[in-house]
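Observations on the three-dimensional arrangement
Listed here are the chains, written in short residue letters.
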Amino acid sequence: MTDPRERRIDWAATSVTQGEILDAFAVYCRDDLDDVEVLAGSPTRLELAWRRERSSVEVADTLPEREEPTLVLTELTDTLVTRLLDDATLRGRVAVYDLARLEKVNAVRSSVFVYFEWFLRDVYGVKVVASDTFTRGLVDRGIISLGFG
């Protein structure tokens, strides 16, 4: 396995690593956001607070076993999507963002995750969209309805 911090992300004329994005988000939280506090940071994980809400953002090759809402930067695979579709508890606390594909699997309620998406838009000019496979899976399992019939 390679270091998840070193996973290269190429967007048009920009090339960064997941670790560089995590580091830049830490600076963004500290310098640009008055209502988000960095509680702790390591090379692979940020622990953040927004009001009474606690969450984390991390780079990893596997999904964490934590209770707090966690946004994981990693590769979004069919196996991972299926695991999140099949496990409601996991789906409620872990969001996966594949920045190389600009896709996400996210059913977690966390204000910090919204700030992360604003950060991506403001700093890198990119937008992450919901994974079609995940959305179809939620509809097929009757977890959500798109209201078309």
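The present account deals with the structure reproduced in this document. (Residues numbered from 1 in each chain as written. Predicted model: local features only at pLDDT ≥ 70, side-chain atom pairs only at ≥ 80, totals over all residues. Heavy atoms only, no water.)

1. What about the nonpolar core?
- The biggest cluster of nonpolar side chains holds 32 residues, and the ones touching the most others in it are I21, F25, L99, F116 and L120.
- Those elements that place two or more of their residues in this core are β1 (8–11), α1 (18–32), β3 (36–41), β4 (45–50), β5 (53–59), β6 (70–73), β7 (94–98) and α4 (111–124).
- Beyond its immediate chain neighbours, meaning those up to four positions away, F116 contacts I21, F25, V57, L71, L73, Y97 and L99.
- If you look at the next biggest cluster of nonpolar residues, it comprises 14 residues, including V72, L90, V96 and F134. (Core = buried A, V, L, I, M, F, W, Y, C linked by side-chain atoms within 4.5 Å. Buried < 20%, exposed > 50% of the residue type's maximum accessible area, 1.4 Å probe, protein only. Helix = DSSP H or I, 4+ residues; strand = E, 2+ residues; numbered from the N terminus. Contact = heavy atoms within 4.5 Å.)

2. Concerning α4
- When the terminal C-alpha atoms of α4 are compared, their 20 Å separation across 14 residues agrees well with the 20 Å that a helix rising 1.5 Å per residue should span.
- Buried within α4 are the following residues: S111, V112, F113, Y115, F116, E117, F119, L120 and Y124.
- Its side-chain oxygen 3.4 Å from the backbone nitrogen of V112, S110 forms the N-cap of α4.
- G125 lies just past α4 and shows a positive phi near 70°. (Expected span 1.5 Å × (residues − 1). Polar contact = N/O pair within 3.5 Å; in protein donor to acceptor, adjacent residues only side chain to side chain.)

3. Structural notes on the pairing of β4
- Of all 6 residues that make up β4, 5 are buried, and the element is covered over most of its length.
- Bridge count between β3 and β4: 5 bridges; the pairing is antiparallel. In the sheet register, A40 faces β4, and the bridge partner there is E47.
- Here β3 folds back onto β4, and the loop between the two strands holds 3 residues.
- In terms of strand pairing, β4 meets β5 through 6 bridges, oriented antiparallel. When the sheet's bridge partners are listed, L48 is paired in β5 with S55.
- Hairpin connection, β4 to β5: the antiparallel pair is bridged by 2 residues, and R51 has positive phi, about 55°. (Pairing = 2+ DSSP bridges.)

Function cannot be inferred from these measures alone, as they are strictly geometric.
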